[in-house]
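Structure assessment
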Amino acid sequence: MNTQIITKLKINKPTNEVFEAIVDPEKIGNFWFSSSSKRWEQNMTITLRYDEYNAEGSINVIEIKDNKKIVFSWGEEGQETIVTITLNEVDTNTTIEVIESGLKEDDPEVVAKMIGQKEGWVYTLTCLKAYLENGINSLRASIIH
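The structure reproduced in this document is the subject of the present report. These numbers come from a predicted model, not from an experiment.

**Quick word on the pattern of salt bridges**
Overall, the coordinates contain eight salt bridges when judged by the stated rule. For E56, the salt bridge goes to R49, with nearest N and O atoms at 4.0 Å. The class of E56 is exposed, set by a relative accessible area of 57%. Judged by its relative accessible area of 21%, R49 is partly exposed. With a closest N to O distance of 2.5 Å, K113 and D107 form a salt bridge. Judged by its relative accessible area of 17%, D107 falls in the buried class.

Structure below.
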């Protein structure tokens, strides 16, 4: 079974604006986490916080190619996944692709986890699109569990 989660979305902004929205701690709070401990750079551990859920977690940035690619790992020890975000610019628009891999095929909850991660990425990218294209920053953290 292929346990990769792939999510793609078109954002009507250039790649440098999409890239900065993700890696800049001043901007990420407009669409995703409440805060990021510092600017995302290769070989750094970043602390991400959701104030609304009183939750905090860390990511390990594996690779950064400015305006092109971000790769990080996250998750509980022994359950980490790898997230690869690729940005492609066409005519000042960006296609953003998120691939999350590493979910364990033999995990009895793997299908539920895959659905949850896919839902999360669709939601995050939708919030990113709303923020960058229309200045809407009130969608993030609106899902009620």
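**Let's talk about the environment of T47**
Structurally, T47 is set in strand β3 (residues 45-50). Remark: the alpha-carbon pair of T47 and L132, spanning 85 residues in sequence, is separated by 23 Å. With residues up to four places along the chain from it excluded, the contact list for T47 reads S35, S36, S37, E56, G57 and S58.

**Thoughts on the pairing of strand β6 (residues 81-90)**
As paired strands, strand β5 (residues 69-74) and β6 are joined by six bridges and run antiparallel to one another. Directly across from K69, in β6, lies its bridge partner T86. The loop that links β5 with its antiparallel partner β6 comprises six residues; one of these, G75, has a positive phi angle of about 115°. Examined bridge by bridge, β6 and strand β7 (residues 93-101) share nine bridges and lie antiparallel to one another. Within β7, the residue paired with V83 across the bridge is E100.

**A short note on the environment of T95**
The topology assignment puts T95 in strand β7. Sequence separation between T95 and N43 is 52 residues, and the spatial gap between their C-alpha atoms is 25 Å. Residues contacting T95, with those up to four places away along its chain left out, are L9, K10, T86, L87 and N88.

**Details of a nonpolar patch on the surface**
Judged by side-chain polarity, M1, V111 and I115 come together as a nonpolar surface patch covering roughly 320 Å² of accessible area. In this structure, V111 sits in helix α2 (residues 110-134). Owing to a relative accessible area of 45%, V111 belongs among the partly exposed residues under this scheme.

Rules of the game
- Within each chain, residues carry numbers counting from 1 in the order of the written sequence.
- Totals for whole chains, interfaces and linings use every residue, but because this is a predicted model, local features are given only for residues with pLDDT of at least 70 and side-chain atom pairs only at 80 or more, for both listing and counting.
- With hydrogens and water set aside, each side-chain value is computed from the structure's full complement of heavy atoms.
- What counts as a salt bridge is simple: a side-chain nitrogen of Lys or Arg found within 4 Å of a carboxyl oxygen of Asp or Glu.
- Only protein chains enter the accessibility calculation, which uses a 1.4 Å probe; a residue whose area is less than 20% of its type maximum is buried, one above 50% is exposed, and one in between is partly exposed.
- For helices the rule is a DSSP run of H or I covering at least 4 residues; for strands it is a run of E covering at least 2, with both sets numbered from the N terminus onward.
- Only heavy atoms matter for contacts: two residues are in contact if any of them lie within 4.5 Å across the pair.
- Here, any two strands with at least 2 DSSP bridges between them count as paired.
- The patches described consist of residues with a relative accessible area above 30% and no salt bridge, like charges being joined within 9 Å and nonpolar side chains (Val, Leu, Ile, Met, Phe, Trp, Tyr) within 5 Å.
- Shrake-Rupley sampling with a 1.4 Å probe provides the accessible areas, and residues are treated as covered by the protein chains on show and by no other component.

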